[in-house]
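One letter stands for each residue in the lines below.
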Amino acid sequence: MAILEIRKYPDPILRRKALPIKEISQELIDLSKNMIDTMRNASGIGLAANQVGYNLRLIVVDGLKTSGPLVVINPEIVSSEEEEIKEEGCLSIPGYFEFLKRSKRVIVKGIDLQEKELTIECEGIIARAFQHEIDHLDGILFIDRLSPIKRSLFRKEYKNLEK
Ligand code: NI
């Protein structure tokens, strides 16, 4: 078990588009385990590989009742339904939370560590976590989805939080 360093805004790696994974190596399996440990240690429900310094399309999401933590390689949202506004935060932007509109239900496709195809239907907080983490892989942070007014307030507030 290893706890990785979580990169914080405005680290430039958070802005890079992560690269698709072409093969599942032992390193990737170890990274996935360490990401789960890191996410849990930080009391998060999701983590993207670029948040711990790896520019790869790999995410972990926790909080699923049946399966435990889920590792998804090359995840994609293939359908989304309805919208809801809920409070959201990010382990890379500690201490800042804001309400944000997201899809309420999504279907996510990807690959697991055994190279099996995954189809995950989820809703609520888990659906939100998937949307948030897949955004990370595209270099998008949740603050980018706020209104211009809230974003400028964020910049002021976050400077104070960092002090
Ligand atoms: Ni995040």
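Residues numbered from 1 in each chain as written. Predicted model: local features only at pLDDT ≥ 70, side-chain atom pairs only at ≥ 80, totals over all residues. Heavy atoms only, no water.

1. What to know about the overall build of the protein
Then comes step 1: When its secondary structure is counted, the protein shows 3 helices and 5 strands.
Then comes step 2: Along its sequence from the N terminus, the protein presents helices and strands in the succession α-β-β-β-β-β-α-α.
Then comes step 3: Radius of gyration (C-alpha) of the protein: 15 Å, near the 15 Å computed for a compact globule of 163 residues.
Then comes step 4: The principal-axis extent of the C-alpha atoms belonging to the protein is close to 45 × 35 × 25 Å.
Then comes step 5: Relative to its full complement of 163 residues, the protein shows a buried share of 46%.
Then comes step 6: Put simply, of all contacts in the protein between residues at least 6 apart along the chain, 65% involve residues at least 24 apart.
Then comes step 7: Carbon together with sulfur atoms contributes 51% to the accessible area of the protein, which is approximately 9100 Å² in total.
Then comes step 8: Each charge class in the protein was averaged separately, 25 positive and 26 negative side chains, and the resulting centres sit 6 Å apart. (Helix = DSSP H or I, 4+ residues; strand = E, 2+ residues; numbered from the N terminus. Rg over C-alpha atoms; globule rule 2.2 N^0.38 Å. Buried < 20%, exposed > 50% of the residue type's maximum accessible area, 1.4 Å probe, protein only. Contact = heavy atoms within 4.5 Å. Areas by Shrake-Rupley, 256 points an atom, 1.4 Å probe, with all protein chains shown as cover. Lys, Arg positive; Asp, Glu negative; His and termini not counted. Charge placed at Lys NZ, Arg CZ, Asp CG, Glu CD.)

2. A look at the packing of aromatic side chains
Then comes step 1: This structure, assessed with the given rule, holds 5 aromatic pairs.
Then comes step 2: A ring pair is formed by Tyr9 and Phe154, whose centres lie 5.4 Å apart and whose planes are at 65°; its orientation type is edge-to-face. Pair noted here: Tyr9 is in the segment before α1 (26–41) and Phe154 is in helix α3 (residues 148–162), with a separation of 145 residues, a long-range link. Each member of the pair, Tyr9 as well as Phe154, is classed as buried.
Then comes step 3: Plain terms: the ring middles of Tyr96 and Phe142 are 6.2 Å apart, the flat faces sit at 35° to each other, and that makes the pair tilted. Highlighted residues: Tyr96 in the loop between β3 (70–88) and β4 (98–111) and Phe142 in the loop between α2 (124–137) and α3, separated in sequence by 46 residues. (Phe/Tyr/Trp six-rings, centres within 6.5 Å; stacked < 30°, edge-to-face > 60°.)

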